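Commentary on secondary and tertiary structure
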Amino acid sequence: MSQKLLIELSKEGRRGYRFPLSDVPSAPTLPESVRREVAPRLPEVAELDVVRHYSNLARHSFGVDYGAYPLGSCTMKYNPKLHNYVAALEGFTNIHPLQDEESVQGALEVIFNTTKALSQITGMAWGSLHPLAGAHGEYVGLKIIKAYHAKRGEEGRHKVIVPVSAHGTNPASASLNGYSIVEVATDKRGLVDVEALKGLLDESVAAIMLTNPNTLGLFEEEIGEIASLVHDCGALLYYDGANLNAILGMARPGDMGFDVVHLNLHKTFATPHGGGGPGSGPVLVTETLKPFLPIPDVIKSATGYRWQWESGSSIGRVSGFWGNFLVYLKAYAYILTMGSDGLKAVAQHAVLNANYMLAALSDYFKVPYQKRCMHEFVLSLQDYKEKWGVSANDFAKALQDYDYHPPTVYFPLIVSEALMFEPTETESVETLDGIIEALINLGKLAQSESARLKEAPLKRSVRRLDEVKAAKEPILKWQN
Amino acid sequence: MKSYIPHTVADRQRMLAAIGVASLDELFAPIPEKYLLKDELPLPLGVAEEEVFQRLKKLAALNQQKISFLGMGSYDRIVPAAVQSIASLPAFVTAYTPYQAEMSQGLLQAIFEYQSMICELTGMDVSNASLYDGFTAATEAASIMLSSRRKSDTILVSQTLHPFTLEVLKTWALGTNVKIEVVKERGRRLCVEDVEPYLHGQVAGLIVQSPNRYGIVEDYTSLAQMLHTNACQLTISSDPLALVLQKSQGEWGADIAIGDTQPLGLVNAFGGPSCGYIAVRKDLMRKIPGRVVGQTLDIRGNRGFVLTLQAREPHIKRERATSNICSNQALAALTTAAYIALVGEAGLKEVATQSYDKAHYLAGKLRGLSGISLEEESPFWCEFPLIFETPQTLERALKALSEAGIWGGVRLGKISGKAEDESTLIVAVSEKRTKEDLDLYSTTLQEALK
């Protein structure tokens, strides 16, 4: 049973907060022609009502702090508590984005050092922390690619190639920049079909967007050849950083020939995802593309850190101020804590955990491609669907009753009835054993009592929800 | 080993054996040898939590804090203690996007309530779950307008938009076939009668802002009608707090409402995170970008909430999605909702009115000082332009204010890059400022301008 809405708790005249009384005289009001006529209908509730409301809503939510969250491609690792303390320091929260440079030297140093560290981690020349989320980073990265080709007089490059297994944001971001999308097939191994790619590359191609390891959790082993082919035809190579966790400190996109990289700090760099943001999607580029980065940049001079506004080729401003400062501040704290040794250990244990789970599950579930993975892997429940009518969605819902967050379902699109697991390095072997056991149990249950899976979940605050009804008869705000 | 990685040596051995490999390195065999780093990353080794905290505390201390009259998109307002406490609840902080509705009912309900509040404030029918910020929101509004009029390729923007909004739109249009045309201001505001000459068959719509870049409240009487007659749409960007005093976007007849909820419970934080809002009329519901939460029923007939209208989104529609946005500013939206819940309509009105009264009190004190003038023609809310005789007097004034412990305002010239703005300071006054602060501001300025 869902809890009451705030508006249903409302009682006329009740107050939840008291502001200091005004100590200045009232001014004549705004002219009538611009004055609001009908007051907004908002809840009138006491402070305790509000606190209890949200505390109870929190009881009916689930985060990494509550249990394992092996949501593939989302890197739901532990978010260190230290970061919250750092991001609550008044010297960071109580500064205005338009203060003079001299008065925000600490903040500018955070920007400079974080950009530098991320450049080193990815093997790129420099970057920008302005993009406010991963998809925003993609948009900015492709805008840079567009500006680069335009500057070279190659506006004719109107296509962006994405693998069929790509994240949906890749084609959406490319399309937003006016590109048409061409898909490249995946071969039997689950990797980019290089022969097919050769047939697609010509002077109409602006870039190819790759995730490496890809969304099947497999490393694109022919990345060297792909990079040569792409560069030979004058196009650029774009790295979607969603899966960087797999190679932190082990290998770098820059060394593989990528020209533009975007990262998701709310994945790889342990900043909390907040139930859907705020994230942070820095973009990093090669020396050649540096002049196209968004403005302003931060530079280090003899007299301190300075904004750098001038850049003739810059694509310009991409967000209001300087990105989600408190988010990349947390990522900076994470980089300092982990250091070069710790970041490498992250990749090693992320890959160890994924392979451990895959090895244990491959006897019970179909592995559509290779039996060894990087930081994540994909299973197909096509057999279960055909034989017992149990879908990937049913498995996901049933897993909720074990207090694990389900994996990503129905992605990548090239695997039918897909379940995509990314355990991350912060889960212990005991936790992994628990998830494995739950999945094996569910596999058995699917064969003997499939109806039970279709009814799941049974232990959450609501039973299975009618999504079709929600879309067909939309109720998107509280009713009168 | 790092405390965030729980593996013991024995764990690792057992796991490697289960996988059937001899070492961690063997797991990285798919990466061609030449790409494997031979050396460690050129970063220092990791350090203990306490050392990181001390280091960042020092950096925080390098940032100066003063009594702030800075605004132009980010404001120093009172944040009730309970807001921060609610925004820190781990179930919200450490969750991903609520794809699994049954185990995310709390988060989904919180977003549903946020959407409801945005609809109430703006007077619109449908809000999404949030956008990145109020600036990028303008690009999403422009996309909706373009997709609503066939063969349109032009977005009109008022010259009185925040200069950064204009810049963000310019970047957005770069390399595409979209044209941005600027409707000239008159007397620091957009005059409705000036819009008509700009309307032609390729125009999708107009974006305006009130309070505008100068803090002036604009009058849009008959604007929506004029645009609709010409098959164009209207987007109005507003500080959501101002909406309890001035006409809402819905009351002006706008098609799309945008803005930034930073003034509603979010700290300055050097400009981010803030939280963009967007709300539309019902007939644009299926064009709205990003996440939307809807109410539905479970199989037992109980109320519940889910992410809905997903056929608009990148993971379904890919290149045909209405926008590429996925992660938005969910936690910031939840924070805003908690703020609105705590203070209520009465509280919002109190904050907006105190800001108004205090801004007008300060303006009154400054009026008549030698060397400065004020905008006298148009009404303003909590922010107003102070026009100095020269850029040099402006600098002298800011220096004196700074020495008195005050950030005096935002130099408009620096933000707009325009020579004619070089002597203009935009002064923002929030409810947090006391009469003492305001008197200190005026006396300091009086001294400095002597």
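What counts as what
Residues numbered from 1 in each chain as written. Chains lettered and ligands numbered in written order. Predicted model: local features only at pLDDT ≥ 70, side-chain atom pairs only at ≥ 80, totals over all residues. Helix = DSSP H or I, 4+ residues; strand = E, 2+ residues; numbered from the N terminus. Buried ≥ 20, exposed ≤ 12 C-beta atoms within 10 Å, placed from the backbone. Axes fitted to C-alpha atoms, helices over the stretch in contact; angles between N-to-C directions. Parallel < 35°, antiparallel > 145°, perpendicular 65-115°, else oblique. Left-handed = near helix turned anticlockwise from the far one by under 90°. Contact = placed C-beta atoms within 7 Å. Nonpolar A, V, L, I, M, F, W, Y, C, P; charged D, E, K, R; others polar. Pairing = 2+ DSSP bridges.

What chain B contains, in helices and strands, is 15 helices and 15 strands. Per-residue burial over chain B gives 60% buried out of 450 residues.

This part is about the environment of Thr390(B). Residues and elements named next belong to chain B. Summarising the element assignment, Thr 390 is placed in the loop between strand E12 (383-388) and helix H13 (391-403). A residue is classified by how many C-beta atoms lie within 10 Å of it, and Thr 390, with 11 of them, is exposed. Separated by 33 residues in sequence, Thr 390 and Ser 423 place their C-alpha atoms 5.4 Å apart.

Okay, the packing of helix H7 (residues 137-148) of chain B against helix H8 (residues 163-173) of chain B next. Residues and elements named next belong to chain B. Across the interface, H7 lies against H8 with an axial gap of 9 Å and an inter-helix angle of 55 degrees. As summarised for this structure, H7 and H8 are arranged oblique, according to the angle between their axes. H7 and H8 meet at a crossing whose hand is right-handed. Together, Ala 138, Thr 139 and Ala 142 of H7 and Thr 165, Val 168, Leu 169 and Trp 172 of H8 make up the contact between the two elements. In terms of residue class, the contact of H7 with H8 is built from 5 nonpolar, 2 polar and no charged.

Once that is clear, we can look at the interface of chain B and chain A. On the side of chain A, 173 residues touch chain B, which itself brings 168 residues to the contact. If you tally residues by element for the side of chain B that touches chain A, the top one is helix H12 (residues 330-366) of chain B, at 21 residues.

Read from one edge of the open sheet, 7 strands run E2-E8-E7-E6-E5-E3-E4 (chain B), paired in mixed fashion. If you trace the sheet from one side to the other, it starts and ends with strand E2 (126-127) and strand E4 (179-183) of chain B, each paired once.

What follows concerns the sheet that holds strand E15 (residues 424-428) of chain B. Two pairing modes exist for strands in a sheet, parallel and antiparallel, and in both the strands are linked by backbone hydrogen bonds. Residue and element names in this part refer to chain B. Judged by pairing direction, the sheet is antiparallel, and its 4 strands sit side by side in the order E11-E12-E15-E14 without closing on themselves. Each end of this open sheet is capped by a strand with a single partner; those strands are strand E11 (372-374) and strand E14 (410-411). Against the sheet, H12 makes contact with E11 and E12, and its axis sits at roughly 15 degrees relative to E12, the strand it touches most.

The subject of this paragraph is the packing of helix H5 (residues 105-122) of chain A against helix H11 (residues 325-361) of chain A. Residue and element names in this part refer to chain A. At a minimum axis distance of 10 Å, the contact between H5 and H11 shows a crossing angle of 45 degrees. Relative to H11, the element H5 is oriented oblique. Once H5 is placed against H11, the crossing between them reads as left-handed. On H11, the residues that touch Ala 107, Val 110, Asn 113, Thr 114, Ala 117 and Ile 121 of H5 are Phe 325, Tyr 328, Leu 329, Ala 331, Tyr 332, Ile 335 and Leu 343. Among the residues forming the contact of H5 with H11, the class breakdown is 11 nonpolar, 2 polar and no charged.

Turning to unusual backbone geometry, a few remarks are in order. In this structure, the amide linkage connecting Ser210(B) to the following residue, Pro211(B), adopts the cis form with an omega of -5 degrees. Among the secondary structure elements, Pro211(B) is positioned in the loop between strand E5 (203-209) and helix H9 (223-229). Note the cis peptide between Gly272(B) and Pro273(B), where omega equals 5 degrees. Topologically, Pro273(B) is positioned in the loop between strand E7 (256-260) and strand E8 (276-280). Positive phi values are uncommon outside glycine, yet Thr75(A) reaches one of about 45 degrees.

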